[in-house]
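# Overview (structure and organization)
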Amino acid sequence: MSRKPELKGRAARLARLFPVGRANQAARTPFVLLVVLLLGGGLIGLLVLNSALSEGSFKLDDLQKRTKNLTDEEQALQRDIDAYSAPDALQRRARELGMVPGGDPAFLGPDGTVKGVPSTAALRGTTQPPAPEAIGTPPAAVPTPAGSAAVTAPTPTPVTTPVTTPAPALTPVTTPTTTPGR
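Residues numbered from 1 in each chain as written. Predicted model: local features only at pLDDT ≥ 70, side-chain atom pairs only at ≥ 80, totals over all residues. Heavy atoms only, no water.

Here G102 is to be found in the loop between α3 (87–96) and β1 (107–108). Overall, the relative accessible area of 62% leaves G102 in the exposed class. For the pair G102 and P118, spaced 16 residues apart in sequence, the C-alpha separation works out to 9.9 Å. (Helix = DSSP H or I, 4+ residues; strand = E, 2+ residues; numbered from the N terminus. Buried < 20%, exposed > 50% of the residue type's maximum accessible area, 1.4 Å probe, protein only.)

This is the structure we're talking about:
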């Protein structure tokens, strides 16, 4: 007969703390389930966090590409503006519009005196300035500077010349090629 030895004192008290037989297995089941649930929840949480970070990384990459394209477009437009505002381009456009360089200017002082001797603009080529009637001012209403003799100009015959403004040449905007891995 297998009889358990009877424990006394301290050993008996410790033996009472530990369950015997099947009761020990039943106490471990909730703990194992809790550990498995915690590990599974942690792994799912890491997966969701990793997916969110990847999505943010893709959005950041797309925004960086868009910023680069917009910066390239801005630089191309700035080059066009610089080309149109260059002095030789402005002179060419003014000549195409029929403008001529002005003569010597005259300045009015605060007291109404005229300083300097004005001169008329030099006519170049075959372009003629429009008649005063075309501008809307009668020939007699053209002011004369103080101190100079009034000159009566013969009435010119109205010349109607069609003024065409050429369209500015469009420069093609090329999109830069992207290299993989950038």
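On to a nonpolar patch on the surface. Residues F31, V32, V35, V36 and L39 make up a contiguous nonpolar surface patch of roughly 480 Å² in combined accessible area. Here F31 is to be found in helix α2 (residues 22–84). (Patch = residues over 30% accessible without salt bridge, like charges linked within 9 Å, V, L, I, M, F, W, Y side chains within 5 Å. Areas by Shrake-Rupley, 256 points an atom, 1.4 Å probe, with all protein chains shown as cover. Salt bridge = Lys/Arg side-chain N within 4 Å of Asp/Glu carboxyl O.)

A few words now on the confidence of the model for the protein. In the predicted model, the protein carries a mean pLDDT of 75, and 60% of its residues have values of at least 70. Segment residues 137–145 is flagged for pLDDT under 50; beyond a separation of four residues in sequence, or across chains, it makes 4 contacts in the model. Across residues 147–163, confidence stays below pLDDT 50; counting only partners more than four residues off in sequence or on other chains, it has 4 contacts. (pLDDT = per-residue confidence, 0-100. Contact = heavy atoms within 4.5 Å.)

The subject of this paragraph is the pattern of salt bridges. Counted under the stated rule, the structure contains 5 salt bridges. Between R92 and E96 there is a salt bridge; the shortest N-O distance is 3.4 Å. Taken together, the residues R92 and E96, both in helix α3 and 4 residues apart, mark about one turn of the helix. For R92, a relative accessible area of 41% translates into the label partly exposed. By relative accessible area, which is 35% here, E96 ends up partly exposed. Note that R93 is salt-bridged to E96, the shortest N-O span being 3.7 Å. Of this pair, R93 and E96 both sit in helix α3, 3 residues apart, roughly one helical turn. Judged by its relative accessible area of 28%, R93 is partly exposed. Here the residues in one salt-bridge network are R92, R93 and E96, joined through shared partners.

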